[in-house]
Amino acid sequence: MTGAGDGPLQAPPSRTVTGWSGDADYFSFPEHRDFRPRLVVDVLRGRRAGVIFRGMVARDLYAELADPVLGQPGPGAAQHRGAQPPPRRVPLPQDHRALPGRVRTRAAALDKVLDLPDDPLTAFYTGLADELAPEGGGRALARHRGRAASRGLLRSWHGDGRYALDPHEDRSQCTEPRQADFEIQRVVDDEVCALNICLENGDGGRLLVWNIQPDDASKRRLGLHHTGSPYPPRTLEGIECRRIDVHPGDVYIFNGSHVHAVEPNADPGSRRTSLAGIFGFIDDRTVVSWT
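First things first, this report covers the structure right here in the doc.

The rules behind each value
- Residues numbered from 1 in each chain as written.
- Predicted model: local features only at pLDDT ≥ 70, side-chain atom pairs only at ≥ 80, totals over all residues.
- Heavy atoms only, no water.
- Helix = DSSP H or I, 4+ residues; strand = E, 2+ residues; numbered from the N terminus.
- Buried < 20%, exposed > 50% of the residue type's maximum accessible area, 1.4 Å probe, protein only.
- Contact = heavy atoms within 4.5 Å.
- Areas by Shrake-Rupley, 256 points an atom, 1.4 Å probe, with all protein chains shown as cover.
- Polar contact = N/O pair within 3.5 Å; in protein donor to acceptor, adjacent residues only side chain to side chain.
- Salt bridge = Lys/Arg side-chain N within 4 Å of Asp/Glu carboxyl O.

### As for the overall build of the protein chain
Assigned secondary structure in the protein chain consists of five helices and 17 strands. Burial statistics for the protein chain: of 291 residues in total, 51% are counted as buried. Within the protein chain, residue pairs in contact and separated by at least 24 positions form 81% of the contacts whose partners lie at least 6 positions apart. Carbon together with sulfur atoms contributes 48% to the accessible area of the protein chain, which is approximately 13400 Å² in total.

This is the structure we're talking about:
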């Protein structure tokens, strides 16, 4: 069908994000009370969407870690935000805008906060490295021109909009041209895993994960090819979504290539505080992590 003086009429672009979706066995989030690193490897290898370790961090430990955040320590130890979600890429080398000195400052501040006998971030990555070792694998901080990425991001915020953290995915950031030579650009396939250690959360604040890994066509149509954020809610309508309750002490890992978001807390006075990181394979055996 054509109009006078016009070429063929084109169908309007689809409003819904397109891409890869997993079956019921894959798109599941089993829960355990003990830490099982082999299940983390399942997520890394793309065999399962995620896994949750309930109460992995003891109450006195997560309370102690949350205190420095609420006490507003020196620069770099934590990211504080009001209604807006925390930044997704703060320290170098992930953030091409940052300066090396700021990375060192933030790393030193985080190390001071995590100077505890049972530091949960170290416990997690040590367990993962031990699981990879029998097959000759290992884990390290991602590097960029000789500089190492931050080992974690400690953040506290409260969002009062539809989402406390807008729908986004973590795969697109690995393609950012201004991060050339950063090891995260070597992450294989689409298994970019998100690690979150919950230290504080009020009522609500659920994690939402949609059963979709957006394809390049959707990313380019939405202008998100190198950012992955934010996906307009209307583009996710009709896509299967899991809503996962999160409690202090929980450690949860999921494939961050899926679109995911965080609901706001029901209590406007409460905050969500977490210790987070991202990790993935850069070859058959080597896992690197960043924030």
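### Quick word on the environment of G50
Along the chain, G50 turns up in strand β3 (residues 50–53). In this structure, the C-alpha to C-alpha distance between G50 and L195, residues 145 residues apart in sequence, is 10.0 Å. With residues near it in sequence (within four places) discarded, G50 still touches S28, F29, P30, V43, I253 and F254.

### With respect to the side chain of N255
In this fold, N255 is placed in strand β14 (residues 251–255). Looking at N255, the relative accessible area reads 0%, which means it is buried. One polar contact links N255 to E191, side chain to side chain, over a distance of 3.2 Å.

### So, the pattern of salt bridges
A full pass over the atoms with the stated rule returns 12 salt bridges. For R178, the salt bridge goes to E176, with nearest N and O atoms at 3.0 Å. By relative accessible area, R178 is classed as exposed at 56%. E183 serves as the salt-bridge partner of R186, at 3.6 Å between the closest nitrogen and oxygen. For R186, a relative accessible area of 43% corresponds to the partly exposed category. One network of salt bridges, in which partners are shared, links E31, R54 and D250.

### Considerations on the environment of P230
Checked against the element boundaries, P230 lands in the loop between α5 (216–222) and β13 (241–244). Here P230 falls in the partly exposed class, since its relative accessible area comes to 41%. Separated by 65 residues in sequence, P230 and L165 have C-alpha atoms that sit 9.1 Å apart. With near-sequence residues (within four places) excluded, P230 lies in contact with D166, P167 and L224.

By themselves, these are just geometric observations and shouldn't be taken as functional.
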